[in-house]
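Inside the fold
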Amino acid sequence: MTQATSPLSRRDQILQALALMLEEDSGKRITTAALARQVGVSEAALYRHFPSKARMFEGLIEFIEASLFERIRRILDDTPTALDRCERILQLVLVFAEKNPGLSRLMDGDVLTGETARLRTRMSQLFERLETQFKQILREAELREGLKAQLPTSAAANLLSAFVEGRVSQYVRSDFRHRPTTHWEDQWRLLGSGLLAQAPQTSSV
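The rules we used
Residues numbered from 1 in each chain as written. Predicted model: local features only at pLDDT ≥ 70, side-chain atom pairs only at ≥ 80, totals over all residues. Heavy atoms only, no water. 1 Å grid on protein atoms, 1.4 Å probe; cavity = no way out; pocket = protein on both sides within 12 Å on 5 of 7 lines; lining within 4 Å. Points joined across faces, edges and corners; volume = space filled by probe spheres on them. Helix = DSSP H or I, 4+ residues; strand = E, 2+ residues; numbered from the N terminus. pLDDT = per-residue confidence, 0-100. Contact = heavy atoms within 4.5 Å. Polar contact = N/O pair within 3.5 Å; in protein donor to acceptor, adjacent residues only side chain to side chain. Core = buried A, V, L, I, M, F, W, Y, C linked by side-chain atoms within 4.5 Å. Buried < 20%, exposed > 50% of the residue type's maximum accessible area, 1.4 Å probe, protein only.

One pass over the structure, following the stated rule, counts one cavity of 30 Å³ or more. For the largest cavity, the calculated volume is near 40 Å³. Broken down by secondary-structure element, the contributors of at least two residues to the lining of the largest cavity are α5 (82-99) and α7 (117-145). With five residues, the single largest contributor to the lining of the largest cavity is α7.

Printed below as a string of structure tokens:
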């Protein structure tokens, strides 16, 4: 998580410490006692800001959602073509995960094993939302640019979502050694070249 120039609130300090522990203690279960030590406060002080550890994780998920989808909205505003939109959104998620290793563990879901099902559901909904966004872009491509996905729209959107989700998972499984952006340009060249084609013209009677 990028630190703001203004002093962090205690709540933000807790979330930033949790993200750092997820990065540095890869594979270990995070306890509130260890988190309190990291922040330099008592466990009771943690619970004054968050009623449970689940709510702390939820705070980080909210940060991921806000960070990604705010930038996706800007991409949609600034980028006119469907192919460029897909490229920039995929790259955005890969770079975000790479720059925030602790948060990538949340995106992968591994750190949520044993936590409340609500958290796993919410994290999985982020990728479902991303897939829906790709689906919308591909559908609009036919109307706005006369281009049609070379797979059924749902299958093409799922392929893009699965690609980015797989790269994030690989990053986490490798203990952050295999960066998500490695080979990105070559991989996008292949993905992008087969994604859209000119839509067939409908003949008028």
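Another aspect to go through is the confidence of the model for the protein chain. The share of residues in the protein chain with pLDDT of 70 or more is 93%, and the mean pLDDT across the chain is 91. Here residues 2-6 is modelled with pLDDT under 50, and outside its nearest four sequence neighbours on either side it reaches three contacts, counting other chains as well.

Here E87 shows up in helix α5. Between the C-alpha atom of E87 and that of E131, which follows or precedes it by 44 residues, the distance is 13 Å. The contact partners of E87, leaving out residues within four places of it in the chain, are W184 and W188. A distance of 3.4 Å separates the side chain of E87 from the side chain of W188, its partner in a polar contact.

This next bit is on the side chain of T32. Within the secondary structure layout, T32 lies in helix α2 (residues 32-39). Here the side chain of T32 touches E43 through a polar contact of 2.7 Å, side chain to side chain. Residues in contact with T32, not counting those within four places in the same chain, are E43, L46, Y47, K53 and M56.

What follows is about the nonpolar core. A general tendency of soluble globular proteins is for nonpolar side chains to be buried together. The biggest cluster of nonpolar side chains holds 63 residues, and the ones touching the most others in it are L35, L68, L106 and M107. At 11 residues, the largest contribution of residues to this core is made by helix α4 (residues 53-78). Once you skip the residues sitting within four places of it in the chain, L106 turns out to touch L22, F57, L60, I61, I64, V111, L112 and M123.

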